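Descriptive analysis of the structure
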Amino acid sequence: MVMESGRSRPPWDDYFMEIASLVATRSTCIRRNVGAVIVRNKRILATGYNGAPRGTPHCTDIGCLRDKLKVRSGERHELCRGTHAEQNAIIQAAASSTSIEDGILYSTHHPCSLCTKMLINAGIKRVYFREGYPDDLAKELAAEAGMELIKLV
């Protein structure tokens, strides 16, 4: 799309995904930098990135527990110091008393099954993502709940 001034404007989905990519730059995870943005009516409600809980050492400072334990990606989510980007976005919305029901999530990566369950219960209806994630249960849960998963390229 080109405006009268001649400059291009990105489509809304690309715009919000680029913001999610910028949010991911705050990540303190050694394995994967993930950013998430929750939007409703083209308004940003909350953002989140993956990293250690507030007040605790970051994995970038002390190393990755999952690497030390040789845990494969997509398995044993509880064996991680970090909180996922989607979880942090939900927490940020809750901390500011912002409802995210009927919202859309833009995430740099496909949500895991834990995050998918949280997103379903929070009322998120659609998820846009760029990168995949090895968690078939997440896809099954989303399909059962009628939550759309859309990969943006």
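Residues numbered from 1 in each chain as written. Predicted model: local features only at pLDDT ≥ 70, side-chain atom pairs only at ≥ 80, totals over all residues. Heavy atoms only, no water.

**Quick word on the state of the cysteines**
Within this structure, the stated rule accounts for zero disulfides. Sulfur of Cys 80: no disulfide; nearest cysteine sulfur belongs to Cys 59 and is 5.8 Å away. You can call Cys 80 partly exposed: its relative accessible area is 28%. You can see Cys 115 has no disulfide; the closest cysteine sulfur is in Cys 112, sitting 3.8 Å from it. You can call Cys 115 buried: its relative accessible area is 1%. (Disulfide = S-S within 2.5 Å. Buried < 20%, exposed > 50% of the residue type's maximum accessible area, 1.4 Å probe, protein only.)

**Some words on the sheet that holds strand β4 (residues 126–131)**
The five strands lie next to each other as β2-β1-β3-β4-β5, forming an open sheet whose pairing is mixed. In the strand order of this sheet, the two ends are held by β2 (43–49) and β5 (148–151), each with one partner. Ignoring which end each strand starts from, the neighbouring axes of this sheet average 20° apart. Alignment of β4 against β5, held across four bridges, turns out to be parallel. Bridge assignment links Arg 126 to a residue of β5, and that residue is Glu 148. Contacting β1 (35–40), β2, β3 (104–109) and β4, helix α1 (residues 12–24) crosses the sheet at an angle of about 140° to β1. (Pairing = 2+ DSSP bridges. Helix = DSSP H or I, 4+ residues; strand = E, 2+ residues; numbered from the N terminus. Axes fitted to C-alpha atoms, helices over the stretch in contact; angles between N-to-C directions. Contact = heavy atoms within 4.5 Å.)

These values are about where atoms sit, not about what they do.
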